[in-house]
Amino acid sequence: MEITKKMIEKSNVLLKNNNLISNLNDIYSEIPSGKCNGCAKCCVESVHAFYVEFLNIYKYVQDKGMYETIMKRIEDHYFNELVVKQACPFLTTENTCMIYEVRPYVCRLFGHSTRQEHEANYQNILEQNLEADAYFFETYGVHLSQEVIYHKINFCQAFKAEKPISQNEKLNLIDRLFMLDTQFLMADILPEEMLNMSITNWFIYTKYSEDQAGEMRINQLLNGK
Ligand code: SF4
């Protein structure tokens, strides 16, 4: 897996021809806003992003001349992710988001979950972390740190949504985002195995191949122990 310049160029043509950024913004506009106290306690991981969201963020970062700065932060985050729990690489020391205008859907939906949905999501993440830990132990004889495995974002009671959004409405928005990504699949631009990645993964693959990045991350895990 790698995101080449050619892939980005072809993607940009599809984005333009099919009006995909406008469709993306329409979906975002259906997510109710709300009042947040800016504690940034939810900005503690690299969140999932659809490919179309990555392209939108990538263009924003390029246009603002932030690519080198962002990549440095993303590399620091990605290569240490298995060793220490860190804040999202886009979070500044003033608790602001460097890509707030184009942040992914996950960030826009955070705060709109019920406590039950929040807990169910945590259980899913925990299961994935435990599976990853078992994999690294079996393959490399090393465990992930407890803080990486068990880190939990607490349920946010401070966020006040301007109006509620149901679970079905959220799932519908996510389906529509997925449908935007399928256009890149059908055009043979995006390989199927690249679906479902975090925002740091997308950026890392603009600079490193999957093998290179994986090897560097493992070395960091082995050296960090
Ligand atoms: S992208 Fe921005 S809003 Fe989303 S978790 Fe990172 S810092 Fe927070």
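Look up a bit, the structure's there.
A brief structural summary. Here the residue numbers are simple positions, counted from 1 along each chain's written sequence. Two thresholds apply to this predicted model, a pLDDT of at least 70 for residue-level local features and 80 or more for giving and counting side-chain atom pairs, whereas whole-chain, interface and lining totals are computed over all residues.

Another point: helix α4 (residues 67-80). Here α4 is 14 residues long and its end C-alpha atoms lie 20 Å apart, about the 20 Å a rise of 1.5 Å per residue gives. Every C-beta atom is placed from the backbone, and the number of other C-beta atoms within 10 Å of a residue's own sets its class: buried at 20 or more, exposed at 12 or fewer, partly exposed in between. Elements are defined by DSSP. Helices are runs of H or I of four residues or more, strands are runs of E of two residues or more, and each kind is numbered from the N terminus. Listed as buried for α4 are I70, R73, I74, H77, Y78 and F79. Each residue gets a C-beta atom placed from its backbone, and two residues are in contact if those atoms lie within 7 Å. Taken together, the buried residues of α4 touch α3 (51-63), α9 (199-204) and α10 (210-224). Each residue after the first adds 1.5 Å to the expected span of a helix.

Here we come to the site of the ligand. Using a C-beta atom placed from the backbone, a residue is scored as near a molecule or strand whenever that atom is within 6 Å of it. Near the ligand you find C43, V47, C88, F90, L91, C97, I99, R103 and C107, and these make up its full shell. Tallied by class, the residues present in the shell around the ligand amount to eight nonpolar, no polar and one charged. Lys, Arg, Asp and Glu make up the charged group, whereas Ala, Val, Leu, Ile, Met, Phe, Trp, Tyr, Cys and Pro make up the nonpolar group; the residues left over, Gly among them, are polar.

Lines fitted to C-alpha atoms define the axes, with helix axes restricted to the stretch in contact, and inter-axis angles between N-to-C directions lie between 0 and 180 degrees. As a packed pair, helix α2 (residues 20-29) and α3 sit with axes 11 Å apart at the nearest point and diverge in direction by 105 degrees. With respect to α3, the axis of α2 lies roughly perpendicular. Residue-level contacts link L20, I21 and L24 of α2 to V52, E53 and N56 of α3. Taken together, the residues that form the contact of α2 with α3 break down as four nonpolar, one polar and one charged. Relative orientations are named as follows: roughly parallel for angles under 35 degrees, roughly antiparallel for angles over 145 degrees, roughly perpendicular for angles from 65 to 115 degrees, and oblique for any other angle.

In this section: the nonpolar core. If you look at the biggest cluster of nonpolar residues, it comprises 35 residues, and the most contacted ones within it are Y51, V52, F54, W202 and I204. Those elements that place two or more of their residues in this core are α2, α3, α4, α8 (167-186) and α9. Sorting elements by how many residues they give to this core places α3 first, with seven residues. In contact with Y51, not counting residues within four places along its chain, are D181, F184 and L190. For the purposes of this analysis, a nonpolar core is taken to be any set of buried Ala, Val, Leu, Ile, Met, Phe, Trp, Tyr and Cys residues that are connected through C-beta atoms within 7 Å.

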